[in-house]
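# Summary of the model geometry
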Amino acid sequence: MPCLSCLKENIDGYCLKCRKELFGGIKISPQLTFNSPYSVDNQVYNTHTQHISISGVQIKYSLKLVEGQLQLTDEGGEYILKPIPTGTFQQLDQAPANEHLTMQLARQVYGLNVPPNAIVYFTDNTPAYLVKRFDRKADGTKCLQEDFAQIAQMTSESHGENYKYDLSYQEMAELIKRYIPAYPIALEAFFRMILFNYLFSNGDAHVKNFSAIRSEMGDYQLTPAYDLLCTKLHSPSESDLALNLLAEGYPQKFLEVGFHTYNDFMEFGVLIGILPRRMEKILG
Ligand SMILES: [Zn+2]
């Protein structure tokens, strides 16, 4: 079996490097001690924990490492657990593997800043996606974090039900320039994330799936990438990008050919202020 985090080494469970990143070096079994929320013996969810949030059909749970075991928790969560979602989308049983593989590719092949993540199994052997939270300080307290809907002050009241999709990536880049002091670095990371989302058909990269976090120094930084997956696998008719690249609508070339090209990303990069030679390096 490959490592259930980095997929590299031929070992049982998690390799040493991943064990360090995920669990501070402790040997953790990929097998959880409790069953899936869909099982008949799922009382542990009622007595121990509230859902963190329900976004669409994805329920998330908070986990903590207690005496060498991952346990459901209401407070001080160190990990987020995402079981197989429910709903009418296709191949949802593949969703944990999809997110895990997409996040690993983003990290290992495209060099995106991605939090440590892995696959774990419930006692009935159904898989779930596990990701380490990045909004916790060393003492366990929470960092101040805002997603781009909050930064742009967009809510369903102010911008309607579809508010998460009511901004372009170019306009998000303007917010990065305004709120993140080290914006040249953040803009390049943002550009890489948008390109990755397009290449991997992530139609879910809306404004709430990007955030800024306050560092220990007090300034804001772009958070690592999260919720990356190929949504096309589950919803074939979905768009390859959640938001428009440009504030002014589609680039001319896109209207002609129906998909984004190298030139569209060059145009987007120039508009948000990335140096052409840096872009050529990123776009290869
Ligand atoms: Zn590994």
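## Overview of the pattern of salt bridges
Once their charged atoms are close, side chains differing in charge can pair, the charge on each being opposite to the other. Within the structure shown, the criterion is met by 12 salt bridges. Of the charged contacts, one joins E21 and K17 as a salt bridge, the two residues approaching to 4.0 Å between their closest N and O atoms. Of this pair, E21 and K17 both sit in helix α1 (residues 16-23), separated by 4 residues, roughly a single helical turn. E21 gets classed as partly exposed once you look at its relative accessible area, which sits at 25%. Note that R107 is salt-bridged to E21, the shortest N-O span being 3.1 Å.

## What about the domain arrangement of the protein?
Domain parsing of the protein yields domain 1 (16-132) and domain 2 (145-283). Here the C-alpha centroids of domain 1 and domain 2 sit 26 Å apart. Contacts between the two partners involve 19 residues from domain 1, matched on the other side by 16 residues from domain 2. Of the roughly 1,600 Å² buried between domain 1 and domain 2, counting both surfaces, carbon and sulfur atoms make up 64%. A salt bridge links D227 to K82, with the nearest nitrogen and oxygen atoms 2.9 Å apart. Joining domain 1 to domain 2, the criterion identifies 6 residue pairs in polar contact (both at pLDDT 80 or more). Residue contributions to the side of domain 1 that touches domain 2 peak at 7 residues, all from helix α3 (residues 95-108). Across the side of domain 1 that touches domain 2, the residue classes break down as 10 nonpolar, 6 polar and 3 charged.

## Let's talk about the sheet that holds strand β5 (residues 79-83)
Overall, antiparallel pairing links the 5 strands, which are arranged β4-β3-β5-β7-β6 in an open sheet. Of all the strands in the sheet, the pair left with one neighbour each is β4 (69-72) and β6 (117-121). Taken over all neighbouring pairs, the strand axes of this sheet differ in orientation by 35° on average, direction set aside. In this structure, β6 lies alongside strand β7 (residues 127-132), joined through 5 bridges in antiparallel fashion. Its bridge partner being in β7, I119 is matched across the sheet by Y129. Against the sheet, α1 contacts β3 (61-66), β4, β5, β6 and β7, and its axis sits at roughly 65° relative to β7.

Cut-offs applied
Residues numbered from 1 in each chain as written. Predicted model: local features only at pLDDT ≥ 70, side-chain atom pairs only at ≥ 80, totals over all residues. Heavy atoms only, no water. Salt bridge = Lys/Arg side-chain N within 4 Å of Asp/Glu carboxyl O. Helix = DSSP H or I, 4+ residues; strand = E, 2+ residues; numbered from the N terminus. Buried < 20%, exposed > 50% of the residue type's maximum accessible area, 1.4 Å probe, protein only. Domains from an automatic or database assignment. Contact = heavy atoms within 4.5 Å. Buried area = accessible area lost by both parts, 1.4 Å probe. Polar contact = N/O pair within 3.5 Å; in protein donor to acceptor, adjacent residues only side chain to side chain. Nonpolar A, V, L, I, M, F, W, Y, C, P; charged D, E, K, R; others polar. Pairing = 2+ DSSP bridges. Axes fitted to C-alpha atoms, helices over the stretch in contact; angles between N-to-C directions.

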